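Coordinates in review
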Amino acid sequence: SDFENQIKESKVYYYQSEYKTAYDNYIAYQKIAGDTSEKAMKMLSNAIEHADNASIITPNDYSSIKLSGLAANYKKETEKASKKFEMLTTIKPDTVDSWFQLGRLYFNSKDYNKAIVYNKKAFELDNSYVPAIELLAFSYEGLKDTANAIQAYKDALNIEPNNISY
């Protein structure tokens, strides 16, 4: 019916509007990344709020959940970011990015054991994904596990033999 179509169109418009606002706030923050001013934190809060609003319409929307998680991560809201990234691993369990986001979150919060678990999973899913193996090596270093750190760096060199930073 016409009424049902209007409802569908309104939902699509609402989702698009909320997601765009979230994205715009996140991108604006990215331009000043590292800034912890009240204005910067407000941008991240707005990104989270609007991404979460978009998720009301599409509860399993990977993009809006990821955006909310990334913004929460920058705000150092580890628990909120963790929940968002965990959701991503259930929505798309075979996606490297969702596991890597969790690994990076825990690496940044110095929970190296969890960082290792999630980056190993990302690396298992795609053994050519260098960011995961790099964080794996850094996490082993954080635990003073030299043997595993060296092995991870060797794995990274096998993927990118010309990368002199290893």
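A few points on the structure. (Residues numbered from 1 in each chain as written. Predicted model: local features only at pLDDT ≥ 70, side-chain atom pairs only at ≥ 80, totals over all residues. Heavy atoms only, no water.)

Focus: the environment of L136
The criterion, for reference: Secondary structure elements follow DSSP: runs of H or I no shorter than four residues count as helices, runs of E no shorter than two count as strands, and numbering proceeds from the N terminus.
Tracing the sequence through the fold places L136 in helix 7 (residues 130-142). Taking the C-alpha atoms as reference points, L136 and A149, separated by 13 residues in sequence, lie 7.4 Å from one another.

A few points about the side chain of K84
Using the following cut-off: In protein, a polar contact means a hydrogen-donor-capable atom and an acceptor-capable atom, both N or O and within 3.5 Å, with residues adjacent in sequence counting only if both atoms are side-chain atoms; elsewhere, any N or O pair within 3.5 Å suffices. Note on contacts: a residue pair is in contact if any heavy atoms of the two residues lie within 4.5 Å.
Looking at where K84 falls in the secondary structure, it is placed in helix 4 (residues 78-91). Reaching out from K84, the side chain makes a polar contact with the side chain of D52 at a distance of 2.9 Å. Dropping the residues within four chain positions of it, K84 is found in contact with D52, I65, S68 and G69.

Digging into the packing of helix 7 against helix 8 (residues 146-159)
Counted only if it meets this: Orientation is described by lines fitted to C-alpha atoms, with helices fitted over the stretch in contact, and by angles between N-to-C directions that extend from 0 to 180 degrees. Angles are sorted into four bins: roughly parallel if under 35 degrees, roughly antiparallel if over 145, roughly perpendicular if 65 to 115, and oblique for all others. Here a crossing is called left-handed whenever its near helix is offset anticlockwise from the far helix by less than a right angle, and right-handed whenever the offset is clockwise. In this count, Pro and Cys sit with the nonpolar residues alongside Ala, Val, Leu, Ile, Met, Phe, Trp and Tyr, while Asp, Glu, Lys and Arg are called charged and the others, Gly among them, polar.
At a minimum axis separation of 8 Å, helix 7 and helix 8 run at an interaxial angle of 160°. Between helix 7 and helix 8, the interaxial angle falls into the category roughly antiparallel. Seen along the crossing, helix 7 lies across helix 8 with a hand that is left-handed. Here V130, I133, L136, A137, F138, Y140 and E141 of helix 7 come into contact with helix 8, specifically with N148, A149, A152, Y153, D155, A156 and I159. A breakdown of the residues in the contact of helix 7 with helix 8 according to their chemical character gives eleven nonpolar, one polar and two charged.

Quick look at the layout of surface pockets
Counted only if it meets this: Using protein atoms alone on a 1 Å grid, points that fit a 1.4 Å probe yet trap it form a cavity, whereas open point sets bounded by protein on both sides within 12 Å along at least five of seven lines form a pocket; residues with an atom within 4 Å of a point count as lining. Grid points are joined across faces, edges and corners, and a volume is the space filled by probe spheres set on the points.
Put simply, the largest pocket is a space of about 170 Å³. As for the largest pocket, its lining consists of L70, N73, Y74, K76, T78, R104, L105, N108 and S109. Looking at the lining of the largest pocket, the elements with two or more residues in it are helix 3 (62-74) and helix 5 (96-108). Taken together, the residues that form the lining of the largest pocket break down as three nonpolar, four polar and two charged.

A word on the nonpolar core
To keep it simple, the criterion reads: Here the nonpolar core consists of buried residues drawn from Ala, Val, Leu, Ile, Met, Phe, Trp, Tyr and Cys, with membership extended through side-chain atoms lying within 4.5 Å. Per-residue accessibility, obtained with a 1.4 Å probe over protein chains only, is compared with the maximum for each type, and a residue is labelled buried under 20%, exposed over 50%, and partly exposed between these values.
Grouped together as the largest cluster of nonpolar side chains are 31 residues, with contacts concentrated most on Y26, A71, F85, L102, L105, Y106 and A122. Among the elements that make up this core, the one with the highest residue count is helix 5 (seven residues). Once residues within four sequence positions are removed from consideration, L105 is found in contact with N73, T78, A81, S82 and F85.

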